[in-house]
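Remarks on the overall topology
Next come the chains, spelled out residue by residue.
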Amino acid sequence: MAIHFLVTTAIPEPGLQLLRDAGQVTVLAEPPDYGTLAALCASGDFDVVLTQLRDRMDAPLLAAARVRGVSNFAVGYNNIDVDAATRHGILVGNTPGVLTDATADIAMLLILGTARRVVEADRLVRDGRFSGWEPELLLGRDVSGAVLGLAGFGRIARATARRALGFGMDVLFAPRPPGDRHVSDDELGEFAGKVRQVTWNELVQRSDFLSLHVPLTDQTRHLVDDDVLQRMKPEAILINTARGPVVHEAALVEALHSGTIAGAGLDVFEDEPQLTPGLAALPNTVLLPHIGSATVPVRNEMARLSALNAVAIAEGRVLPHAVNPLLGA
Ligand code: GLV
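Residues numbered from 1 in each chain as written. Predicted model: local features only at pLDDT ≥ 70, side-chain atom pairs only at ≥ 80, totals over all residues. Heavy atoms only, no water.

**What to know about the nonpolar core**
One finds W200, M232, L238 and L252 to be the most contacted residues of the largest nonpolar core, which totals 32 residues. Listed by contribution, the elements that provide at least two residues to this core are β6 (147-151), β7 (170-174), α9 (200-206), β9 (209-212), α10 (226-231), α11 (249-258) and β11 (263-266). A total of 5 residues in this core trace back to one element, the largest contributor, which is α11. In this structure L252 touches L229, L238, V247, I261, A264 and L266, once residues within four positions along its chain are discounted. Among the nonpolar cores identified, the runner-up in size contains 25 residues, and L148, L150, A157 and M169 belong to it. (Core = buried A, V, L, I, M, F, W, Y, C linked by side-chain atoms within 4.5 Å. Buried < 20%, exposed > 50% of the residue type's maximum accessible area, 1.4 Å probe, protein only. Helix = DSSP H or I, 4+ residues; strand = E, 2+ residues; numbered from the N terminus. Contact = heavy atoms within 4.5 Å.)

**Digging into the pairing of strand β10 (residues 237-240)**
Across the two faces of β10 the burial is the same, with I237 and I239 and L238 and N240 all buried. Bridge count for β9 against β10 is 4 bridges, and the pairing is parallel. Residue pairing across strands places S211 opposite I239, the latter belonging to β10. Each parallel crossover has a hand, and the one from β9 via α10 to β10 is right-handed. Here β10 pairs with β11 via 4 bridges, running parallel. Along β11, the bridge assignment pairs N240 with L266. In this fold, β10 hands off to α11, which returns the chain to β11; that crossover is right-handed. (Pairing = 2+ DSSP bridges. Right-handed = clockwise from strand over helix to strand, strands pointing away.)

Laid out in structure tokens, this is it:
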């Protein structure tokens, strides 16, 4: 019987082509709601489902699913209950590596954009309020010499550090907040002597820009809450290109409103695509619609990788990028 792939949302052509070369492909016309997705996964009609971050693959859905695997079109996979998938023998794949630089670019863009008030400035010009050069028009902050605190020190944090060092920032990191572990100079590699490890608590207190680079887990949900915001410098800016729920967004809105911290650059939101009331009205924010990996080459490559994972699952081969590799071994 031909292999049948379910693609919940159309992905770029290079990925679809690989799937078509390997079997039959059903691409849904619009993103499925939970019930529709659960019914399709339980139907027995599909070998592999290619999912997006908005597709919630939780334990009840996976328990009833009759698929061999789930290939996520993302490096993050917090939308999938991987333990449940593993229990049910369902393979899970993701797309690491290819989006590292693009996402670090967006972190740097948010650092610069918040520091230099780019959204306010753009709006002023478009609104016809630009009446000529002024000595004190839209004064911002320098990033050179400012302390960048990286929460997490994985691929994307390191790529952000590389960029920040190029901008003359002083880079600190805490590798596994809220916990700590020591990172040796050997492990630091090219960064030894250039970035400094501090505790999560110190990172919170010392950062001018605090940039989040942790996966969303039970330990990191609401990592930045009211208590953390209160301990940040009043001039600090929070940058989030990781996952929205890592920040307690209502507490953030309150902190931005009251001047507890100075600003925020966000590419992700706690309840995407909804924003916490009040957030969009705050001038000291730069808000992006989760576009960390959104370049043409990166999305093509993510499509290819997610398709290669899907085909490997369907053909019973080892996945190029497995999330539950023991199952594939
Ligand atoms: C995007 O957020 C991803 O995890 O790839």
